[in-house]
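# Examination of the molecular architecture
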Amino acid sequence: MSKLVTIYGGSGFVGRYIAQRMAKEGWRVRVAVRRPNEAIFVKPYGSVGQVEPVLCNIRDDASVRSVMLGADAVINCVGVLSENGKNSFDAVQAEGPERIARIAAESGVARMVHISAIGADVDSSSEYARTKAQGEAGVLRHMPGAVILRPSIVFGNEDEFFNRFAGMTRMGPVLPVVGADTMFQPVYVDDVAKAAVLGALGTAEAGIYELGGPVQASFRELMEQMLTVIRRRRLVLNIPFWAAKIMAFGFDMLQKITLGLIPNFMITRDQVRNLRNDNVVSDGAKGFEALGIKPVSMTSVLPDYLWCFRPSGQYDAIKESAQNLRNS
């Protein structure tokens, strides 16, 4: 019988790519999510019955244990960019990973892969970064042979980074950003999936890997590259951190006053704190090279999914060609 992997958060942005690759490796894939009815799309990743979404809440021991039954490997992809209700940073990113690792150790699971983030730091002023570090520590406490992956900003068809800001360009001539000079090292989602699969298969050595793409660029430079791809001219306006902090406070309070009925999808105070720090691979850190993976560049991927944000969408290239013919 083929081996079984349980992927917590396996229908999310990164998780779905890992699920596809694990299915291609011939493994049975159990996609553990809070809303399995919304994860039906993972079923075609493999043959009939090979990939199955199942109900799980990583805040509950019994729930985590039930979906891990019989697994040969576990992969944790669960994380949140902002808190909402019971899904706090502590519950999801600190306690959740440790719970999975503890139960995996108790259940005799051979291998564990945990998706963390560059910038994880137990002493960080950002709750996001602090709880990421606590989650890593919790995993290693119970599964010292785990593979921990720390990607920079992840891009790909379903990302919430380039898609979000490309969508904002439709609202006016100005594109506001916080931390325009902060450095990032965007990494392609499928490259992260490749690394996770190596960890689950036991091919990668245990330890922490920082994953960044081939190019480091500032937030402003990334937005300018995106604008070139979608063929729009916008002023990239940097919002000073002091002003962003005031704005974020207002959005956070609105969410709190409405008891989460109006979530803060704009920017939180914690995100402002996080944006003060560069998000690039550290000097001397193990990365893609240690895994034998050559990361894909943004320029080869962004046009494949950002074309819909061009002024004429899929017809933009045709109109451009017609214009060139008229001018020739």
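Residues numbered from 1 in each chain as written. Predicted model: local features only at pLDDT ≥ 70, side-chain atom pairs only at ≥ 80, totals over all residues. Heavy atoms only, no water.

Attention shifts here to the environment of V14. Residue position: V14 is located in helix α1 (residues 13–24). Sequence-wise, V14 and L55 are 41 residues apart; in three dimensions their C-alpha atoms are separated by 18 Å. Apart from the residues within four sequence positions on either side, V14 is in contact with V154, V189 and V192. (Helix = DSSP H or I, 4+ residues; strand = E, 2+ residues; numbered from the N terminus. Contact = heavy atoms within 4.5 Å.)

On to the packing of aromatic side chains, then. In total, this model carries eleven aromatic pairs according to the counting rule given. Seen from their ring centres, F41 and Y45 are 6.4 Å apart, and the 75° between their planes marks the pair as edge-to-face. Judged by relative accessible area, which is 34%, F41 ranks as partly exposed. Every member of this aromatic cluster is reached through a ring pair, and the members are F155, F161, F162, F165, F184, Y188 and F219. In this arrangement the basic side chain of R164 is found over the ring face of F165, its NZ or CZ atom lying 5.8 Å from the centre. One Lys or Arg, K286, reaches over the ring of Y209 and ends 4.4 Å from the middle of that ring. (Phe/Tyr/Trp six-rings, centres within 6.5 Å; stacked < 30°, edge-to-face > 60°. Buried < 20%, exposed > 50% of the residue type's maximum accessible area, 1.4 Å probe, protein only. Lys NZ or Arg CZ within 6 Å of the ring centre and 35° of its normal.)

To continue, consider the side chain of S116. Following the sequence through the fold, S116 ends up in the loop between β5 (111–115) and α4 (127–142). At a separation of 2.6 Å, a polar atom in the side chain of S116 contacts the side chain of E136. Beyond its immediate chain neighbours, meaning those up to four positions away, S116 contacts K132, E136, I148, L149, R150 and P151. (Polar contact = N/O pair within 3.5 Å; in protein donor to acceptor, adjacent residues only side chain to side chain.)

With 73 residues, the main nonpolar core has I18, M22, F162, M223, M226 and L306 as its most contacted residues. If you tally residues by element for this core, the top one is helix α6 (residues 189–201), at eight residues. Apart from the residues lying within four places of it in its own chain, the contact partners of L306 are F162, N163, A166, M226, V229 and I230. (Core = buried A, V, L, I, M, F, W, Y, C linked by side-chain atoms within 4.5 Å.)

Residues in a regular strand project their side chains so that they alternate between the two faces of the sheet. Most of strand β1 (residues 4–8) sits inside the fold, with five of its five residues counted as buried. Side-chain alternation along β1 places L4, T6 and Y8 on one buried face and V5 and I7 on a second face that is also buried. Of the pairings in the sheet, the one linking β1 to strand β2 (residues 28–33) comprises five bridges and is parallel in character. Paired with I7 across the strands is V31, a residue of β2. The β-α-β motif built from β1, the intervening α1 and the parallel element β2 has right-handed crossover chirality. In terms of strand pairing, β1 meets strand β4 (residues 73–76) through four bridges, oriented parallel. Among the inter-strand pairings, T6 is bridged to a residue of β4, identified as V74. (Pairing = 2+ DSSP bridges. Right-handed = clockwise from strand over helix to strand, strands pointing away.)

Look at helix α3 (residues 89–107): 26 Å from first C-alpha to last across 19 residues, which is about the 27 Å you get at 1.5 Å a residue. Most pronounced at E95, the bend in α3 amounts to some 40°, and the proline P97 follows within four residues. The set of residues buried in α3 consists of F89, A91, V92, Q93, A94, G96, P97, R99, I100, A101, I103 and A104. One or two residues past the end of α3 sits G108, with phi positive at roughly 75°. (Expected span 1.5 Å × (residues − 1). Bend = angle between axes of the 7 residues up to and from the residue.)

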